[in-house]
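Structural overview for review
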Amino acid sequence: MRVLQVSAELAPYAKTGGLADVTAALPDALRAQGVDCRVLLPGYPSVRQAVQLATALEPLLWPWGRVGRVLRGELPALPGRPSYVLDAPDAFDRPGTPYATPEGALFPDNLERFAALSHAAAWLGSGGDSAWWPDLVHAHDWHTGLACAWLALAPPRGSEALRAARSVFTIHNLAYQGLFPAIAVARLGLPAAAFQMEGLEFHGQLSCMKAGLHYANAITTVSPSYAREIQTLEQGCGLDGLLRRRAGELVGVLNGVDDRVWNPATDKLLPVRFDAQSLEGKAACKAHLQQALGLEPAPQRLLLGVVSRLVAQKGLDLVVEALGDLLGLGAQLAVLGQGDPALEAAFREAARQHPGRVSLSQGMDEAAAHRLVAGCDVLLVPSRFEPCGLTQLYGLAYGSLPLVRRVGGLADTVVDCSLEHLADDRATGFVFERFDRGDFRDALRRAIVLWSRPDEWRRVQRRAMAQRFGWDRAAEGYLAVYRRALRQ
């Protein structure tokens, strides 16, 4: 089976969140299942600098006037097989994140930029590279949703004798939908008839997310619970009706952890490596983290960690609201992230008012993230909604017990330290139900009580570290989805 994975992000070249980790780990996991999986990425400077032995395929001219080309080469992060890079310097060779300027303003031409990526995916899925023709295009999130539409409606290349590839569309976060003015439909060269309720139209706008949901042969999302939740009015973001109609093609495949990257026994980014049988190394990581962040060097204090985009979805306003409870219970807090200026300011002010107890490190540095995950005792993930979440999986692997809300993939992966779960040796973290300060505070108190019982704490740590969320299981789930899509 030949599969082309197309994504706006792939670690280590372009990363703003979990999407990049998923798309980096999945190709190798699929390859182990016998799938010939190749990737298509935008030609960001980091990608262009990394690609080796590149050969240019024929130039692409997009309906809106820009010109680009697809390079076939090899990326060091994905060795042993070709990868594709969309070489379009005017679209992708610019500073900032994949989506925004260094100051945080979204690029005004994001539609054209990611439409170009989608168009290139559909072009490859329709025979653009005569040396390799995918059976299926696997598109990730709104940035690539139009690839599914082009493959279904008007493939950029092909013939009646050779059909276009089938498509699978994965929702990583339904809240980000890629909405643009309706006039863009004609500018992109899409059939005018596609702009309707049973197509690309969403409340008078073009929805790139809906393009994937409507036209893909199969749909996945990144946890079983989220697959159910997005079919409800509460979490469907206005697309719940479409998702219910396509429930037969919608599957939740739980994300995995790449243990080549996230493994405390081999992690070269840590000051001391450790495993479940040598937790002294974790204590050393905590001491190193406290010193590096200017926190009080107090091994007896419970150290809570946050590694996250600082946005409302992640529920971090609840952490700000409950900061007095947290400090009153004797805990420390270390925050690593960036995002909403109001949240950044709130954590900055907390660090100023409570030196030695609260720290804020702005930005998303990979090495700092590894050290914080390894050094904290509890990882906070109190999300309003959470498609899957990878942070809590990293916390489990590093014995940093996750404190999460029972929602989406968090509900699928963390077992609360209730009395019955402790008795059954199933507990792996702390789970609360309602998104309010009271429920969150109660979960914090359970963590403090368990922390005061070192033998029980270490037992739960070891149980957490024994959990296995490998990409091999996820790859098996995707392979089953691919097979169904190809049978249609």
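Up top is the structure these notes are about.
Now for a quick tour of the structure. Keep in mind that what you see is a predicted model, and the values were worked out from it rather than measured.

**A short note on the sheet that holds strand β5 (residues 83-87)**
The pairing of strands in a sheet happens through backbone hydrogen bonds and is either parallel or antiparallel. Strand order in this open sheet of nine strands is β3-β4-β5-β2-β1-β6-β7-β11-β12, and the pairing throughout is mixed. Either end of the sheet is taken by a strand with one partner, and the two such strands are β3 (52-61) and β12 (250-252). Adjacent strand axes in the sheet meet at a mean angle of 25° when their direction is disregarded. By the bridge criterion, six bridges tie β3 to strand β4 (residues 67-74) in an arrangement that is antiparallel.

**What about the packing of helix α18 (residues 437-451) against helix α19 (residues 454-465)?**
Orientation of α18 relative to α19, taken along the N-to-C sense of each, is 110°, at an axis distance of 7 Å. Overall, the two elements α18 and α19 adopt an arrangement that is roughly perpendicular. Of α19, the residues touching α18 (which contributes A447, L450 and W451) are P454, E456, W457 and V460. Looking at the contact of α18 with α19 residue by residue, the classes come out as six nonpolar, no polar and one charged.

**Remarks on helix α13 (residues 341-353)**
In this model α13 runs 18 Å from its N-terminal to its C-terminal C-alpha over 13 residues, within 8% of the 18 Å that 1.5 Å per residue would give. Within α13, the full set of buried residues consists of L343, E344, F347, A350 and A351. End-on view of α13: buried residues confined to an arc of 125°, all on one side of the axis. Those residues of α13 that are exposed and aimed more than 90 degrees away from the buried face are P341, A342 and R352. On its buried side, α13 packs onto β13 (303-310), α11 (316-321), α12 (323-328), β14 (332-339) and β15 (358-362). Where α13 starts, the residue carrying a side-chain oxygen 2.8 Å from the main-chain nitrogen of A342 turns out to be D340.

Scoring rules and cut-offs
Residues numbered from 1 in each chain as written. Predicted model: local features only at pLDDT ≥ 70, side-chain atom pairs only at ≥ 80, totals over all residues. Heavy atoms only, no water. Pairing = 2+ DSSP bridges. Helix = DSSP H or I, 4+ residues; strand = E, 2+ residues; numbered from the N terminus. Axes fitted to C-alpha atoms, helices over the stretch in contact; angles between N-to-C directions. Parallel < 35°, antiparallel > 145°, perpendicular 65-115°, else oblique. Contact = heavy atoms within 4.5 Å. Nonpolar A, V, L, I, M, F, W, Y, C, P; charged D, E, K, R; others polar. Expected span 1.5 Å × (residues − 1). Buried < 20%, exposed > 50% of the residue type's maximum accessible area, 1.4 Å probe, protein only. Arc of directions from axis to C-beta. Polar contact = N/O pair within 3.5 Å; in protein donor to acceptor, adjacent residues only side chain to side chain.

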